[in-house]
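Spelled out from the first residue to the last, the chains are:
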Amino acid sequence: MSSDRIMLGLGLRLLAILMLSTMGALIKLVETHGAHLVEIMLFRQFFAIPFVLAWVMMGPGLASLKTRHFGLHVSRSAVGLTGMVFNFGSVLLLPLAEATTFGFTVPIFATILGALVLKERTGWHRWGAVLAGFVGVLIVTQPGSGHIPLGGALVGLTAALFVAIVAIQLRQMGRTESPATTVFWFSTLSVPPLLIGYAFVAAPHDWQTFALLILIGFVGGAAQLALTASLRFAPVSAVVPMDYSSLIWATLYGYLLFGVLPGSWTWVGAPIIIASGLYIVWRERQRGLRATPVATDEKA
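In short, a report on the structure. (Residues numbered from 1 in each chain as written. Predicted model: local features only at pLDDT ≥ 70, side-chain atom pairs only at ≥ 80, totals over all residues. Heavy atoms only, no water.)

**A look at the packing of helix α4 (residues 70-93) against helix α8 (residues 150-173)**
Relative orientation of the contacting elements α4 and α8 amounts to 155°, with a least axis distance of 8 Å. With respect to their mutual orientation, α4 and α8 come out roughly antiparallel. Our pair here, α4 against α8, has a crossing hand that is left-handed. When grouped by side-chain class, the residues that make up the contact of α4 with α8 number 11 nonpolar, 12 polar and 1 charged. (Axes fitted to C-alpha atoms, helices over the stretch in contact; angles between N-to-C directions. Helix = DSSP H or I, 4+ residues; strand = E, 2+ residues; numbered from the N terminus. Parallel < 35°, antiparallel > 145°, perpendicular 65-115°, else oblique. Left-handed = near helix turned anticlockwise from the far one by under 90°. Nonpolar A, V, L, I, M, F, W, Y, C, P; charged D, E, K, R; others polar.)

Below you can see the structure in the form of structure tokens.
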């Protein structure tokens, strides 16, 4: 893979992380306008569909959306929606920087689930990184101090757990389903149950609130496409470190929009969590190099 293509992949990943961070700030902002969680999720999923359809039509075409594994998409949508409840919930319950920091524990949960569910061989290096990561979590949360609401911390960690579960699902679905098909069906299958929930919480809003809700869907859909596209041009091990730039944006948005800066313990614990995640990614990369040195070099 040429260096130019890798740089394009890194650029797309950074753009995706900026848009996801922007979406998080918009979610927190629209909640102050009285929008309900279910309402936010509905607009996020519904207004992402036009982006997905445009992407498919410019690429493989609408025929590629056909699937022989509809049950897999239903299962993925159920897990994805549950994870979205916790993901958006953590943004609403916690300051943006702290919610983002808990999201960095995804590689830790992925390692645990890989060992327990996929029976992957996990050596002491990665288990050590997992332990270090949870030490970082304890530093950020400071249990018993009231520094971070315990409920919010649990919601944030549960969100990361579900992201890791979805990652395993997508890895398995990737054997038969294209990314475009998976993204389309997740967005589409999410709308009916969210519409049912919306019927119980629907409330009148001013036009600015509805504009924010629609913008959440547009930004989220565009971010999803940029995330997927980044993997076309660069390997996972190269783009994942870009994800940690979200802490910069979360800190900036938190200060500019809500006048909140991360606590001092967050600045101590976040680097530990980030380092543990990066080490896990690096170890995974090394294992891949040893397993298939020729094929991996060609992709790199």
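**A closer look at a nonpolar patch on the surface**
On the surface, a cluster of nonpolar side chains totalling about 520 Å² of accessible area is made up of L252, Y255, L256, L257 and L261. Position of L261 relative to the elements: it lies in the loop between α12 (246-258) and α13 (264-291). Given the relative accessible area of 53%, L261 is considered exposed. (Patch = residues over 30% accessible without salt bridge, like charges linked within 9 Å, V, L, I, M, F, W, Y side chains within 5 Å. Areas by Shrake-Rupley, 256 points an atom, 1.4 Å probe, with all protein chains shown as cover. Salt bridge = Lys/Arg side-chain N within 4 Å of Asp/Glu carboxyl O. Buried < 20%, exposed > 50% of the residue type's maximum accessible area, 1.4 Å probe, protein only.)

**Some details on the side chain of T266**
The residue T266 is located in helix α13 in this model. Take T266: its relative accessible area is 1%, and that puts it in the buried class. With sequence-adjacent residues up to four places away left out, T266 is seen in contact with E98, T101, V140, H147 and P271. (Contact = heavy atoms within 4.5 Å.)

**Observations regarding the packing of aromatic side chains**
In this structure the tally under the stated criterion is 10 aromatic pairs. On the numbers, 5.7 Å between centres and 80° between planes, the contact of F109 with F134 is edge-to-face. Taken together, the positions of F109 in helix α6 (residues 106-116) and F134 in helix α7 (residues 124-141) put the pair 25 residues apart, joining distant regions of the chain. Assessed through its relative accessible area of 13%, F109 is described here as buried. The class of F134 is partly exposed, set by a relative accessible area of 26%. Where F184 meets W185, the ring centres are 5.2 Å apart and the plane angle is 75°; that geometry is what we call edge-to-face. One residue, R76, lies across the ring of F186, its end atom 3.9 Å from the ring centre. (Phe/Tyr/Trp six-rings, centres within 6.5 Å; stacked < 30°, edge-to-face > 60°. Lys NZ or Arg CZ within 6 Å of the ring centre and 35° of its normal.)

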